[in-house]
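# Summary of the model geometry
Listed here are the chains, written in short residue letters.
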Amino acid sequence: MCRNLCRKFGSMRRWIWRGSQVVSFFNITYYPSVNLWLHTEERPRINTIKLIVARFASDRNLKSVFSGNEKIWPIMKDGLFTFKYKIEGIKCENVENIFITIISGSSSFTDYLVFYSENPPLVTDSPLYLIEETKTGDSESRNTAAYQRSSKFVYASFFYPKVPKIMLYSLRVAQRKESTSTSVFGTKLLATLGVEILGRILQKDAYSAFSNIDELIELKNEMSLPHYGLAVRINKVGDVIKISARLEKSGYLSHDPNIGMTTVISACLRKLGWKGRIVITDHGLASQKNVGVRNKFIAIANQLGVELENLTIPRVSLHGEYWKVEANKEKIGTIFTSILCEEFTDSVAIYENHGGCERGYFISEKNKENIEYLAVPKFSDREKYKAGDKSYIISIPDLVLYDRKRDIIINAEGKVFAKREEGYKEIGGFDSFEDKFIKKYYPGSEISRTLILSGSKDEAIDNPITGLLLNQDGLIVLGEKTPLLFKEAVANLLSL
């Protein structure tokens, strides 16, 4: 009854609410019915959205209902895509609508920003949560799971120091029964930074934050040596902590696993109270020109006061904005096509690697009694590739769709309109991928290749290889040789 009175009359004390301001009536907190906004760089998934909504509802003691037939639907206006999606089939108390917008971060960006407001959030607004989602577990790339993604929280904290941080594991493959030392160390680093972990089973002692600097250093230095490369070690001498870590790759500051590790370790050292110098040694960078001018390591190093031995960290400031809405990146078109086909036809995306997003798994879906999730390697022969033979690299599509009705595999490359000529060439290089995955796991299926473009003001397709153009106004353009699956999906969408 109190809640109904609140809805009708508001507070008897002071009851003027603006936007998503939370108000109270006596001792009851009332959240106005406004919208939940999910801003993401990734291809959104219903299971992930359900977890986010459930967490939002749980934190506020609200009721949420999932229909079991949840949908991600593109929002259209006058036949044009608005570059926003709406979630159907999920109801949450005090939430009018759930919207999704594909955005891009200024640098090292977490996968989801969650906002609660009546109107679309502004870049100056503070989110409810910072969420990083990963499909990579301890049984696969340990450094990626433990360090590379953790550094995103370090960068995001400079913009939103008090916003709750969540690492969400959406694992597709079996998790190890016993955590590796890399996983334990990485998890303790996350805990020290105040990051909560969801979706992953943890050993009881694996999620406790480091209590002091010496404990952190000791655990890292006790870890076994890697099979190849130099071990990362930490040495504290007086008022200097030295972290030995190779940061060079292909002649530049670009060794992502160690960049992630050193930035997270440095952030934890500062969080634990270290006021002295932090110096990265044995980094492998030969000269100042190899450092570059701006990247995520340099940005974080400036904020944390991290140094490179015998080199200078360029002085840079943070980007003015943490995120921006996108309409012209290649992933805008491929993510739209993936959602469009899965929601409006009998098809499934069996592989996704949208530009800048996490690489997914190849799904052997044709035999539904034995579905597998397979990691796609970058090379057909890693050693020969490293020896200089570039023919052993596996060219991978951005999106692979299985048209169940027609038994056709569609391998799609995504490009912005200005780079369409590159796309025409790239779709000719899928032979190795098709031999090792498509023909093996979908024997007998027809295989086709197409290009998905985004951006520009064009309203026509100028090459038969292009299957779909999503221009910057939201116009969906199809061609004469557009896959029938795309035509069916668009027709069903526009018929709503």
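Now for a quick tour of the structure. (Residues numbered from 1 in each chain as written. Predicted model: local features only at pLDDT ≥ 70, side-chain atom pairs only at ≥ 80, totals over all residues. Heavy atoms only, no water.)

## Description of the pattern of salt bridges
Put simply, the rule reads: Only one rule defines a salt bridge in this text: a Lys or Arg side-chain nitrogen within 4 Å of an Asp or Glu carboxyl oxygen. Numbering of helices and strands runs from the N terminus; a helix is a DSSP stretch of H or I covering at least four residues, while a strand is a stretch of E covering at least two.
In the structure shown here, the tally under the stated rule is 27 salt bridges. Linking Arg-45 and Glu-342 is a salt bridge whose minimum nitrogen-to-oxygen distance equals 3.2 Å. Of the two residues, Arg-45 sits in the loop between β3 (34-40) and α2 (46-59) while Glu-342 sits in helix α9 (residues 330-344), which places them 297 residues apart along the sequence. The salt bridge involving Asp-59 is made with Arg-55; its shortest N-O contact spans 3.0 Å. Here Asp-59 and its partner Arg-55 are both found in helix α2, four residues apart, which amounts to about one turn of the helix. Among the ionic contacts, a cluster of salt bridges with common partners joins Arg-43, Arg-45, Glu-342 and Glu-352.

## Overview of the environment of Ile-46
Put simply, the rule reads: In this analysis, two residues are considered to be in contact whenever any of their non-hydrogen atoms come within 4.5 Å of each other.
Relative to the elements of secondary structure, Ile-46 occurs in helix α2. For the pair Ile-46 and Ile-90, spaced 44 residues apart in sequence, the C-alpha to C-alpha distance is 9.8 Å. Beyond its immediate chain neighbours, meaning those up to four positions away, Ile-46 contacts Glu-70, Lys-71 and Ile-72.

## Looking at the packing of α9 against helix α13 (residues 484-494)
The test is simple: In this analysis an axis means a line fitted to C-alpha atoms, helices contributing only their contacting stretch, and an angle means the value between N-to-C directions, from 0 to 180 degrees. Should an angle fall under 35 degrees it is taken as roughly parallel, and over 145 as roughly antiparallel, whereas 65 to 115 is taken as roughly perpendicular and any remaining angle as oblique. Only Asp, Glu, Lys and Arg are considered charged in this grouping, and only Ala, Val, Leu, Ile, Met, Phe, Trp, Tyr, Cys and Pro are considered nonpolar; every other residue, Gly among them, is considered polar.
Running from N to C, α9 and α13 point in directions that differ by 75 degrees, and their axes come no closer than 9 Å. The angle between α9 and α13 falls in the class roughly perpendicular. Along the contact surface, α9 presents Phe-336, Thr-337, Leu-340, Cys-341 and Phe-344, while α13 presents Leu-485, Phe-486, Ala-489, Val-490, Asn-492 and Leu-493. Across the contact of α9 with α13, the residue classes break down as nine nonpolar, two polar and no charged.

## A few points about helix α8 (residues 296-304)
Inclusion rule: Each residue is assigned to one of three classes by its accessible area relative to the maximum for its type, calculated with a 1.4 Å probe on protein chains only: buried under 20%, partly exposed between the two thresholds, exposed over 50%. Contacts described as polar in this section are N or O atom pairs within 3.5 Å, which, within protein, must combine one atom able to donate a hydrogen with one able to accept it, while residues neighboring in sequence count only if both atoms come from side chains.
With seven of its nine residues buried, α8 lies for the most part within the structure. Regarding α8, the residues found buried are Phe-297, Ile-298, Ala-299, Ile-300, Ala-301, Asn-302 and Leu-304. On the buried face of α8, the contacting elements are α4 (150-159), β14 (252-253), α7 (256-271), β15 (277-281) and β16 (306-308). Taking the backbone nitrogen of Phe-297 as reference, a side-chain oxygen 3.0 Å away marks Asn-295 as the first, capping residue of α8.

## Section: the sheet that holds strand β11 (residues 233-237)
Using the following cut-off: Any two strands between which DSSP finds at least two bridges are classified as paired.
In space, the four strands of this open sheet follow the order β11-β12-β15-β16, with mixed pairing throughout. Looking at which strands have only one partner, the edges of the open sheet turn out to be β11 and β16. In this sheet, adjacent strand axes meet at a mean angle of 25 degrees when their direction is disregarded. Pairing between β15 and β16: three bridges, direction parallel. For Val-279, the partnering residue across the bridge sits in β16 and is Glu-307. Against the sheet, α7 touches β11, β12 (240-244), β15 and β16, its axis set at about 160 degrees to β12.

## Observations concerning the pairing of strand β23 (residues 446-454)
Alignment of strand β22 (residues 408-416) against β23, held across nine bridges, turns out to be parallel. Note on β23: the bridge partner recorded for Asn-411 is Arg-449. Here β23 runs beside strand β24 (residues 466-470); their pairing, made up of four bridges, is parallel. In the sheet register, Leu-453 faces β24, and the bridge partner there is Leu-469.

## Focus on unusual backbone geometry
Not every positive phi belongs to a glycine, and Asn-61 is a case in point at roughly 55 degrees. Structurally, the position occupied by Asn-61 is in the loop between α2 and β4 (64-77). Given the relative accessible area of 70%, Asn-61 is considered exposed. At Asp-282, a position not held by glycine, the phi torsion is positive, near 50 degrees.

## Description of the sheet that holds β24
Here we have six strands laid out as an open sheet, ordered β18-β21-β22-β23-β24-β25, and mixed in their pairing. With one partner strand each, in any of the chains shown, β18 (347-352) and β25 (476-478) form the two edges of the open sheet. Between one strand axis and the next, the sheet turns through 25 degrees on average, direction left out of account. Sheet topology places β24 next to β25; three bridges connect them, and they run antiparallel.

## Re α4
Most of α4 is tucked away, with eight of its ten residues classed as buried. Taken as a whole, α4 has its buried residues at Ser-150, Ser-151, Lys-152, Phe-153, Val-154, Tyr-155, Ala-156 and Ser-157.

## With respect to the environment of Val-325
Within the secondary structure layout, Val-325 lies in strand β17 (residues 323-325). Taking the relative accessible area as the measure of exposure, Val-325 reaches 51% and is therefore exposed. On a C-alpha basis, the gap between Val-325 and Ile-102 in space is 6.6 Å, while along the polypeptide they are 223 residues apart.

## Considerations on the nonpolar core
Note the following rule: Definition used in this section: a nonpolar core is a set of buried Ala, Val, Leu, Ile, Met, Phe, Trp, Tyr and Cys residues joined via side-chain atoms within 4.5 Å.
By size, the foremost hydrophobic cluster in this structure holds 59 residues, and its most contacted members are Leu-189, Leu-216, Ile-243, Ile-265, Leu-269, Phe-297 and Leu-308. At seven residues, the largest contribution of residues to this core is made by α7. Apart from the residues lying within four places of it in its own chain, the contact partners of Leu-269 are Ile-213, Leu-216, Ile-241, Ile-243, Trp-274 and Ile-278. Core analysis: the next-biggest nonpolar cluster, separate from the first, contains 52 residues, Phe-56, Phe-83, Tyr-129 and Leu-399 among them.

The analysis is restricted to geometry; functional conclusions fall outside its scope.
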